[in-house]
Amino acid sequence: MRKLLILILIIITSNINAQEILERDKFRQLDNLLATPNTYRTASGAPGHEYWQQKADYVISVTIDDENQILRGKETITYHNQSPDPLNYLWLQMDQNVRAKDSHTHDVRENTIRERMSTTQINAMTPNFEGGFNIDYIKNSSDKDLSYIVNKTMLRINLPKPLKSGDKYSFKVKWWYNINNTNEIGGRSGYEPFSVDSNNVYVIAQFYPRLCMYNDVYGWQNKQFLGRGEFTLGFGDFEVDITVPVDHLVSATGELINQDKVLTLKQIQRYNQAKTSFIHPVTIANLEEAEERINTKKKQYKTWKFKAENVRDFAFASSRRFIWDAMGVKMSNGKTVMAMSMWTKEGDCLWSKYSTKAVAHTIKWYSHYTFDYPYPVAWSIDGSMGMEYPMICFNFGRCEDDGTYSQRTKYGHIGVIIHEVGHNWFPMIVNSDERQWTWMDEGLNTFLQYLTEQQWERNYPSRRGPANKIVNYMKGDKSKLSPIMTNSESIFQFGSNAYAKPATGLNILRETVMGRELFDYAFKEYTNRWKFKHPTPSDFFRTMEDASAVDLDWFWRGWFYTIDHSDQAIVSIKYLQLDTKDPVAKSNQAKAQRSQQRINISVIRNREEITQTLNEVDSTIDDFYTNYDPLDFDVLDIEEYETYRTSLSNEEKELLDANKHFYQIEIENKGGLIMPVIIEFEYEDLTKEVKRIPAEIWRFNQSTITKSYSTDKKVINITLDPYLETADIDTSNNSIQPQSLPSRFELYKRNRRNSSSQNPMQRAKKANEKINQP
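Caption draft 1: Geometry of the overall build of the protein chain. A count of helical and extended segments in the protein chain gives 20 helices and 31 strands. Here the C-alpha atoms of the protein chain give a radius of gyration of 37 Å, more than 25% beyond the 28 Å that 2.2 N^0.38 yields for 774 residues. Overall, the protein chain is about 125 × 85 × 60 Å in size when its C-alpha atoms are taken along their principal axes. Of all intrachain contacts in the protein chain linking residues separated by at least 6 positions in sequence, the fraction that spans at least 24 positions is 76%. As displayed, the protein chain offers around 37800 Å² of accessible surface, 48% of which is attributable to carbon and sulfur atoms. Across the protein chain, 95 positive and 101 negative side-chain charges occur, with their mean positions spaced 4 Å apart.

As structure tokens, then:
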């Protein structure tokens, strides 16, 4: 029994040790972290042959009460159950409830009392804005009341009977809510008041109760909206009527289908002209016309009608203060996309020059790296924020009072437009789950933003993308860092974690790990596989490997699942040359090395203080060893060298005569994060050469590696990561100068006999005999 217990203990201990070793292996596969492939999502990262997704269609009518800043709406929603599951209820997102007084958003947010606080900060402690949806009714298509319950930012409709697979269900909702003042409360949408002329700019989103996503991964994605993790939605078709004051201009998701009712003849003519203007925008409503609308401020209302197909959401903007321009963007399929902007006069110095051209530029380059923009329009709206929706986004950029702007404002304006328009691809089309994984849209979008900014002008001051720009974040306090694979609501340092780090990681893959050709193909494959679908992180990781034949599990594990940082350091460098056995060269080199050696202080002082030694007085005590220099060569050395040369093959002689330089480099992975090793050699003639070692060099020893090289020229400096590609947080240990004189190592030759050992005096005697031979 005791032996059995011991055996069991040995087995358990062995298993524990094996598990610990496995967990320490940074190259182990991600199988235990990725979802199991199935018929919906394959092991290649592509949608499976039984992939499905839901659809929700909306017919919406909304009115903005400009006097009281209230939005009133009603909608008919038709939900298509394309899943294999019967559904007993439907979940709707009630995002406006995040501003309700009883919202958990206020409860879970920490705050402190400082010595000096603004009224806004003080009022935020006890919210007093009457926000949130007010539901008038929810009825079925026969106008009968439906049972429902509101749970904070979620609403559940209890269906009269289960909605079977393949069936659809229509119901009606009527609601209203107070529109928030973005200057006071902030938020992703709302109204901005302009006291100078008592007019408002409305940028409206999350304005209607809308279906949560139901899919094969989570079932209903009904995680509460706390303000950070954004929106997870399915696709559908929209017909939306927007009723606003008669002198407002309106921009929205989709196409305007009643131009003749809401635009002037002059505006229609200008719009048609803009369709064929591919270089410069055409102004459709100018500053003078905006001033006239502001001054007259009419009270009547009119309705703008929009239609959008296969979109996941809808948003719009409305104001009498808007200026409007547009231009066409020709796509590779021959279609023309209308790039358009609306802005206020306070931003005219920037918007009239940059906005619409930035929209067009984004459409061009995002299409280049992914797929052609599929929608008919793309709007950039002056909304004093940065927020994105299908075909429309709200951006910032205002002028100084004298009409000038700073460099930071200029590039911030262009950058935010590229970023927010870019969100049309991520997540509006490649429709990832924002509520769960912010990085899947913000990170991928920030990466393409960087590529697109660099196409705008040389040396564009991009804030994110290159590896060296993430260093300060990576070397920060680990207690305030989160892995990228952290839920959106629980991330420390949100911008750096969900935007900058993923974007940097993709840039490292493209430039350093995979190369541009392999990366670009795989990235485009991912976007085309998952456009108008719902990808997960597993689908992205698998597709990038499947389309490139590059095992990236080590990279995903380190960069996305840990907070390890990159810090490679040169520990030591050995400079060596082959021992040619040439006694003359060996003697000269050895003496040169000796001359460079430091001398002990006592030796120096003895030379200075001892005026005369005994053998300098009495030379009879001198013998062979008194003046013997072990570094001298003799005739026997020459003879042995000649014999040695005769024994070598031509290949071995060529190698000896090449006078190659050999460098053995020991490198430590101090940060823990696995990265490729990039080594730059600088030679005596000041030329440079870069050696690139794949990350797999670390697979057997993830703390220290040794790598040796032979060069034709002598190296004067060796540097790791010379082009700042690996986000190394400490470059002070990346460079070292090799010793100036080499050590020697022997060319190994099989079956070579060692010469018999002789003491120096015996050897000298034999050498003299050789010299004195007739």
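Caption draft 2: Examining the state of the cysteines more closely. For the structure on display, the rule yields one disulfide. We note that Cys393 lacks a disulfide partner, and the nearest cysteine sulfur, in Cys399, lies 18 Å from it.

Caption draft 3: Region of interest: a nonpolar patch on the surface. On the surface, Ile599, Ile601, Val603 and Ile604 cluster together into a nonpolar patch covering about 300 Å² of accessible area. Within the secondary structure, Ile599 is located in the loop between helix H15 (583–596) and helix H16 (601–609).

Caption draft 4: Just unusual backbone geometry, in detail. Geometrically, the link from Phe426 to Pro427 is a cis peptide bond, its omega value of 10° lying close to zero. Note that Pro427 resides in the loop between helix H8 (407–422) and helix H9 (439–456). The phi torsion at Met391 lies on the positive side, around 70°, for a residue other than glycine. Mapped onto the elements of the fold, Met391 is located in the loop between strand E22 (387–389) and strand E23 (392–395). Given a relative accessible area of 1%, Met391 falls into the buried group.

Caption draft 5: Helix H18 (residues 635–647), seen in detail. When the terminal C-alpha atoms of H18 are compared, their 19 Å separation across 13 residues agrees well with the 18 Å that a helix rising 1.5 Å per residue should span. Among the structural elements, strand E24 (568–579), H15, helix H19 (650–657) and helix H20 (760–772) are those in contact with the buried residues of H18. Taking the backbone nitrogen of Leu636 as reference, a side-chain oxygen 3.0 Å away marks Asp634 as the first, capping residue of H18.

Caption draft 6: Looking closely at the packing of aromatic side chains. Summed over all chains, the structure comprises 53 aromatic pairs. Ring centres of Trp554 and Phe555 lie 5.6 Å apart, and the angle between their planes is 90°; this geometry places the pair in the edge-to-face category. Taken together, the ring pairs in this structure connect Phe27, Trp439, Tyr526, Phe540, Phe541, Trp554, Phe555, Trp556, Trp559, Phe560 and Tyr561 into an aromatic cluster. Here the guanidinium or amino end of Arg210 rests over the ring plane of Tyr208, the centre of that ring lying 5.9 Å away. Seen from the ring of Phe194, Arg321 lies directly overhead, with NZ or CZ sitting 3.9 Å from the centre.

Caption draft 7: How the structure looks around the sheet that holds E24. Spatial strand order, E28-E25-E24-E31: four strands in an open sheet with mixed pairing. Each end of this open sheet is capped by a strand with a single partner; those strands are strand E28 (704–711) and strand E31 (743–746). Here the average twist between neighbouring strands, direction ignored, is 35°.

Caption draft 8: Summary view of the sheet that holds strand E30 (residues 735–736). Taken together, the four strands give an open sheet; going across it, the order is E27-E26-E29-E30, and neighbouring strands pair in antiparallel fashion. Of all strands in the sheet, those with a lone pairing partner are strand E27 (688–693) and E30, marking the two edges. Here strand E26 (residues 677–683) runs beside strand E29 (residues 715–720); their pairing, made up of five bridges, is antiparallel. Looking across to E29, one finds that Glu682 is bridged to Asn717.

Caption draft 9: Here's a closer look at empty space enclosed by the protein. Within the structure shown, the criterion is met by three cavities of 30 Å³ or more. Counted as a void, the largest cavity has a volume near 110 Å³. Taken together, 16 residues make up the lining of the largest cavity; nearest its centre are Ala56, Cys212, Leu233, Gly234 and Phe235. Broken down by class, the residue content of the lining of the largest cavity amounts to nine nonpolar, five polar and two charged.

Caption draft 10: Structural context of H8. Taking 1.5 Å of rise per residue, 16 residues should cover 22 Å, and H8 covers 22 Å from first to last C-alpha, within 8% of that figure. Taken across its 16 residues, H8 has twelve buried, putting it largely inside the fold. The elements touched by buried residues of H8 are helix H7 (348–369), strand E21 (377–382), E22, E23, H9 and helix H11 (494–513).

Caption draft 11: The pairing of strand E8 (residues 190–194), seen in detail. Counting buried positions along E8 gives four out of five residues, so the element sits mostly inside the fold. As defined by bridge partners, E8 adjoins strand E9 (residues 199–204) across five bridges and the pair is classed as antiparallel. Counted as the bridge partner of Tyr191 is Tyr202 from E9. In this structure, the hairpin formed by E8 and E9 is closed by a connection of four residues, where Ser198 is found at a positive phi of approximately 55°.

Caption draft 12: How the structure looks around the pairing of strand E14 (residues 249–252). Burial along E14 is two-sided: Leu249 and Ser251 facing one way and Val250 and Ala252 facing the other are all buried. The sheet contact formed by E14 and strand E18 (residues 316–319) spans four bridges and is antiparallel. Each bridged residue has a counterpart across the sheet, and for Leu249 the counterpart in E18 is Ser319.

Caption draft 13: Structural detail: the confidence of the model for the protein chain. Looking at the protein chain, the pLDDT average stands at 92 and 95% of residues meet or exceed 70. Scored below 50 in pLDDT, residues 750–755 makes three contacts in the model with residues more than four places away or belonging to other chains.

Caption draft 14: Spatial organisation of the pattern of salt bridges. Taken as a whole and judged by the stated rule, the model has 40 salt bridges. In this structure, the salt-bridge partner of Lys581 is Asp579, at a minimum N-O distance of 3.6 Å. Between Asp629 and Arg594 there is a salt bridge whose closest N-O contact spans 3.1 Å. Taken together, the positions of Asp629 in the loop between helix H17 (614–617) and H18 and Arg594 in helix H15 put the pair 35 residues apart, joining distant regions of the chain. Take Asp629: its relative accessible area is 18%, and that puts it in the buried class. Taken together, the salt bridges that share partners define one network made up of Asp95, Arg210, Asp313 and Arg435.

Caption draft 15: Broad picture of the environment of Asn97. With respect to the helices and strands, the residue Asn97 is situated in the loop between strand E3 (87–93) and helix H2 (104–107). Here the alpha-carbon distance between Asn97 and Asp25, two residues 72 residues apart in the chain, equals 46 Å. What Asn97 contacts, discounting residues up to four positions off in sequence, is Ser103, Gly132, Phe133, Val150, Lys152 and Thr153.

Caption draft 16: Representation of the environment of Phe681. Relative to the elements of secondary structure, Phe681 occurs in strand E26. Between the alpha carbons of Phe681 and Lys713 there is a distance of 9.9 Å; along the sequence they are 32 residues apart. Not counting residues up to four positions away in its chain, the partners in contact with Phe681 are Ile665, Thr687, Lys688, Glu689, Lys691, Tyr709, Val715, Asn717 and Ile718.

Caption draft 17: Inspection of the nonpolar core at higher detail. Among the nonpolar cores identified, the biggest contains 183 residues, and Phe171, Trp324, Phe394, Phe540 and Trp559 are the most heavily contacted of them. The leading source of residues in this core is H7, at eleven residues. Phe171 has contacts with Glu75, Thr76, Ile77, Leu90, Leu92, Ile138, Lys139, Asn140, Leu146, Ile157 and Leu211, leaving out every residue within four places of it along the chain.

Caption draft 18: Main features of the side chain of Gln96. With respect to the secondary-structure elements, Gln96 resides in the loop between E3 and H2. A relative accessible area of 2% means that Gln96 is categorised as buried. A distance of 3.4 Å separates a polar atom in the side chain of Gln96 from the backbone oxygen of Ala205. Ignoring anything within four residues of it in the chain, the contact list for Gln96 reads Gly131, Gly132, Phe133, Tyr177, Ser189, Ala205, Gln206 and Phe207.

Parameters and conventions
- Sequence positions are assigned chain by chain, starting from 1 and proceeding in written order.
- Reporting in this predicted model follows two pLDDT cut-offs: at least 70 for local features of residues, and 80 or more for side-chain atom pairs to be given and counted; totals over whole chains, interfaces and linings ignore these cut-offs and use all residues.
- Neither water nor hydrogens contribute to the side-chain values; these are computed over all heavy atoms in the structure.
- Strands here are runs of E lasting at least two residues and helices are runs of H or I lasting at least four, both read from the DSSP assignment and numbered beginning at the N terminus.
- For this measure, only C-alpha atoms enter the radius of gyration; the expected value for a globule follows 2.2 Å times N^0.38, where N is the number of residues.
- Residue contacts are counted whenever heavy atoms from the two residues lie within 4.5 Å of one another.
- All accessible-area figures derive from a Shrake-Rupley calculation using a 1.4 Å probe, and residue coverage is judged against the displayed protein chains alone.
- His is not counted, nor are the chain ends, whereas Lys and Arg count as positive and Asp and Glu as negative.
- Charge positions come from single atoms, namely NZ of Lys, CZ of Arg, CG of Asp or CD of Glu.
- In plain terms, two cysteine sulfur atoms within 2.5 Å form what is called a disulfide here.
- Residues qualify for a patch when their relative accessible area is over 30% and they have no salt bridge, like charges being joined within 9 Å and the nonpolar side chains of Val, Leu, Ile, Met, Phe, Trp and Tyr within 5 Å.
- Each salt bridge in this description consists of a side-chain nitrogen of Lys or Arg and a carboxyl oxygen of Asp or Glu lying within 4 Å of one another.
- Accessibility here uses a 1.4 Å probe with only protein chains present; expressed as a share of the type maximum, an area under 20% marks a residue as buried, one over 50% as exposed, and anything in between as partly exposed.
- The span one expects for a helix is its residue count, reduced by one, times 1.5 Å.
- Residues adjacent in sequence count toward polar contacts only when both atoms are side-chain atoms; beyond that, a polar contact is any pair of N or O atoms within 3.5 Å, and within protein one must be able to donate a hydrogen and the other to accept it.
- Geometry of aromatic contacts follows a simple scheme: Phe, Tyr and Trp rings, the Trp one being its six-membered ring, pair when their centres are within 6.5 Å, and the pair is stacked under 30 degrees between planes, edge-to-face over 60, tilted otherwise.
- We call a charge positioned above a ring when the Lys NZ or Arg CZ atom is no farther than 6 Å from the ring centre and deviates by at most 35 degrees from the ring normal.
- Following DSSP output, two strands are said to pair if at least two bridges run between them.
- Axes here refer to lines fitted to C-alpha atoms; in helices the fit is confined to the stretch in contact. Angles between the N-to-C directions go from 0 to 180 degrees.
- Definitions used throughout: a 1 Å grid over protein atoms alone; a cavity as a set of points that fits a 1.4 Å probe which cannot get out; a pocket as an open set with protein on both sides within 12 Å along at least five of seven lines; a lining residue as one with an atom within 4 Å of a point.
- Grid points are joined across faces, edges and corners, and a volume is the space filled by probe spheres set on the points.
- Ten residues, namely Ala, Val, Leu, Ile, Met, Phe, Trp, Tyr, Cys and Pro, are considered nonpolar, four, namely Asp, Glu, Lys and Arg, are considered charged, and the remaining ones, Gly among them, are considered polar.
- The predictor reports its confidence for every residue as pLDDT, a score running from 0 up to 100.
- Within this scheme, the nonpolar core is defined by two criteria: the residues are buried Ala, Val, Leu, Ile, Met, Phe, Trp, Tyr or Cys, and they are joined through side-chain atoms within 4.5 Å.

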